[in-house]
Amino acid sequence: MAIKVAVAERLAKLPPYLFVEIDRKKREAMARGIDIINLGIGDPDRPTARNIIQALEAASFKPVNHRYPESEGLLEFRQAAATWYERRFGVQLDPQREIISLIGAKEGIGHLPLALVNPGEVVLVPDPAYPVYNAGTIFAGGEPYFMPLLCENNFLPDLKAIPAETAERARLMFINYPNNPTGAVAGLDFYEQVVEFANKYNIIVAQDNTYSEIAYDGYQPASFLQAPGAMEVGVEFHSLSKTFNMTGWRIGFIAGHREVVEALRSIKANLDSGAFQAVQEAGIEALLNSQAAVDESQQVYKERRDVLVEGLRAVGLAVEPPKATFYIWVRVPEGHTSASFVGMLIEKAGIVCTPGGGFGKYGEGYARMALTADVSRLAEATRRIREVLG
Ligand SMILES: *Cc1c(COP(=O)(O)O)cnc(C)c1O
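Note that the coordinates shown come from a computational prediction; the quantities given were computed from them, not determined experimentally.

Entries for the chain in the domain assignment read domain 1 (10-47 + 293-389) and domain 2 (50-288). Centre-to-centre, using C-alpha coordinates, domain 1 lies 26 Å away from domain 2. Taken together, the 31 residues of domain 1 in the interface contact 32 residues of domain 2. Both faces combined, the contact of domain 1 with domain 2 buries some 2800 Å², and carbon together with sulfur accounts for 62% of it. Looking at the side of domain 1 facing domain 2, the largest losses of area belong to K323, T325 and Y362, adding up to 23% of the total buried there. Where domain 1 touches domain 2, the interface holds two salt bridges. Between D217 and R305 there is a salt bridge, with the nearest N and O atoms lying 3.1 Å from each other. The tally of links from domain 1 across to domain 2 stands at 13 residue pairs in polar contact (both at pLDDT 80 or more). Listed by contribution, the elements that provide at least two residues to the side of domain 1 that touches domain 2 are α1 (9-12), α12 (292-314), β9 (327-331) and β12 (366-370). Counting residues per element, the side of domain 1 that touches domain 2 draws most heavily on α12, at six residues. When the residues that make up the side of domain 1 that touches domain 2 are grouped by side-chain class, the tally is 16 nonpolar, six polar and nine charged.

This is the structure in structure tokens:
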């Protein structure tokens with residue numbers, strides 16, 4: 001006889017998985033033999049560059065890399081991250097104390113609230129957002145307070161709209177620019193306001209810069225750590241996943257305030273043993289050697305962006321070409337909800353994209369399309385959308 005498994009309440013507290021219905025419709029369409037164009041997942045379709053794969057191969061033969069890594073990562077990897085930061089943002093970091101490697105940015109984001117937040121304390125979480133900020137908060141027993149990201153505010157949180165008594169109870173604030181899912185960007189002026197707000201209420205800031213290297217038309221996303229005083233209030237997450245087409249490799253890093261970095265290191269030392277060192281060596285190759293593949297990716301995504309944005313506009317959909325990220329945030333047509341629009345695209349056009357409501361309440365009314373299919377498929381997608389919308 002099997003025992004009865006009651007899962008922990010924290011699991012039940014996670015928001016319902018809103019993609020169930022979409023997944024079902026996708027499977028039905030596939031069963032009907034429909035040719036699916038998948039713009040649903042933020043996972044680069046292009047391979048990792050050869051030099052990075054070769055670095056992994058060489059590193060994987062070294063017996064020293066077959067042993068447990070240190071949870072903070074190889075010093076050489078942290079030095080490479082510091083060098084990359086200095087070159088890219090002009091920010092100086094101490095690789096010994098201000099950087100640790102992560103098993104993907106997601107791992108660090110999910111664990112950070114465990115390091116900083118006591119049960120009942122507030123975490124400021126954007127809405128719509130990457131779901132891990134909220135999940136990590138709930139797992140730590142924290143209380144999420146959702147900051148709406150609205151079109152009229154360029155999808156930046158309105159810090160003045162956060163009630164003072166909430167801000168006083170807040171320990172941590174997550175922000176993410178360039179933003180998933182809206183494609184919005186933030187300048188240093190916004191980061192300066194965040195530093196001021198953080199100082200006023202004694203809040204630690206965690207900015208997720210996963211998309212800093214996917215930008216267009218000469219735009220160069222900033223680092224939060226470039227803002228004066230940012231190193232005293234917060235940290236920034238980076239991922240090699242989207243920049244170098246390495247989502248499966250699981251490697252990223254956190255940089256910034258040394259006590260925050262150290263707190264996350266303590267959590268990691270007790271939960272995981274760090275990233276496979278051979279993957280860290282491949283990461284060093286990615287960060288320090290030719291960035292030609294990054295430039296090429298930007299060019300590829302730019303062409304795709306232009307094809308999709310033009311095609312969507314031609315059928316009367318309201319879209320802005322993003323300055324960064326590989327997402328198009330589309331306002332759904334009148335009379336549709338996020339879910340009804342996305343459902344219709346799957347059933348009638350074989351196009352899979354993500355309903356904005358799945359990223360939070362304020363994502364309702366939008367759909368997210370990822371530029372992870374080639375230009376000919378995106379052109380085909382816009383043809384099909386034209387047929388469906390007439
Ligand atoms: C993809 C993504 C991540 C995850 O990055 P990994 O390094 O692969 O874990 C983190 N944040 C955002 C906003 C993302 O879109």
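Turning our attention to the packing of aromatic side chains. On inspection of all chains with the given rule, the structure shows 19 aromatic pairs. Where Y130 meets Y133, the ring centres are 5.7 Å apart and the plane angle is 65 degrees; that geometry is what we call edge-to-face. Look at Y191 and F224: their rings are 5.5 Å apart centre to centre, the planes differ by 85 degrees, and that puts the pair in the edge-to-face class. You can see Y191 sitting in helix α8 (residues 188-201) and its partner F224 sitting in the loop between β6 (204-208) and α9 (230-233), a full 33 residues away along the chain. Exposure class is identical for Y191 and F224. Each is buried.

A word on a nonpolar patch on the surface. Taken together, the side chains of I3, V5, V7, L11 and F139 define a hydrophobic patch exposed on the protein surface, amounting to about 530 Å² of accessible area. Examined against the element boundaries, V7 turns out to sit in the segment before α1. Residue V7 is classed as exposed on the basis of its relative accessible area, which comes to 53%.

Moving on, we come to the sheet that holds β9. Sheet architecture is open: three strands sit in the order β9-β12-β11, paired in antiparallel fashion. Across the chains shown, the open sheet's two edge strands, defined by having one partner strand only, are β9 and β11 (354-355). Where β11 and β12 come together, two bridges link them in antiparallel fashion. Each bridged residue has a counterpart across the sheet, and for P355 the counterpart in β12 is A367. α12 contacts β9 and β12 of the sheet and is inclined by roughly 10 degrees relative to β9.

To continue, consider the environment of K160. Considering the arrangement of structural elements, one finds K160 in the loop between β4 (143-148) and α7 (164-169). The class of K160 is exposed, set by a relative accessible area of 78%. The spacing of K160 and I251 is 91 residues in sequence and 36 Å in space, taken between C-alpha atoms.

Attention now moves to the sheet that holds strand β3 (residues 122-127). What the seven strands build is an open sheet, ordered β2-β8-β7-β6-β5-β3-β4; its pairing is mixed. Looking at which strands have only one partner, the edges of the open sheet turn out to be β2 (99-102) and β4. Going across the sheet, the axis of each strand differs from the next one's by a mean of 20 degrees, ignoring polarity. Two elements, β3 and strand β5 (residues 170-176), share three bridges in a ladder whose sense is parallel. Opposite V122, over in β5, you have A170 as the bridge partner. Across the sheet, helix α10 (residues 258-271) lies against β2, β6, β7 (234-239) and β8 (252-256), angled at about 35 degrees from β2, the strand it touches most.

About the criteria used
- Residues numbered from 1 in each chain as written.
- Predicted model: local features only at pLDDT ≥ 70, side-chain atom pairs only at ≥ 80, totals over all residues.
- Heavy atoms only, no water.
- Domains from an automatic or database assignment.
- Contact = heavy atoms within 4.5 Å.
- Buried area = accessible area lost by both parts, 1.4 Å probe.
- Salt bridge = Lys/Arg side-chain N within 4 Å of Asp/Glu carboxyl O.
- Polar contact = N/O pair within 3.5 Å; in protein donor to acceptor, adjacent residues only side chain to side chain.
- Helix = DSSP H or I, 4+ residues; strand = E, 2+ residues; numbered from the N terminus.
- Nonpolar A, V, L, I, M, F, W, Y, C, P; charged D, E, K, R; others polar.
- Phe/Tyr/Trp six-rings, centres within 6.5 Å; stacked < 30°, edge-to-face > 60°.
- Buried < 20%, exposed > 50% of the residue type's maximum accessible area, 1.4 Å probe, protein only.
- Patch = residues over 30% accessible without salt bridge, like charges linked within 9 Å, V, L, I, M, F, W, Y side chains within 5 Å.
- Areas by Shrake-Rupley, 256 points an atom, 1.4 Å probe, with all protein chains shown as cover.
- Pairing = 2+ DSSP bridges.
- Axes fitted to C-alpha atoms, helices over the stretch in contact; angles between N-to-C directions.

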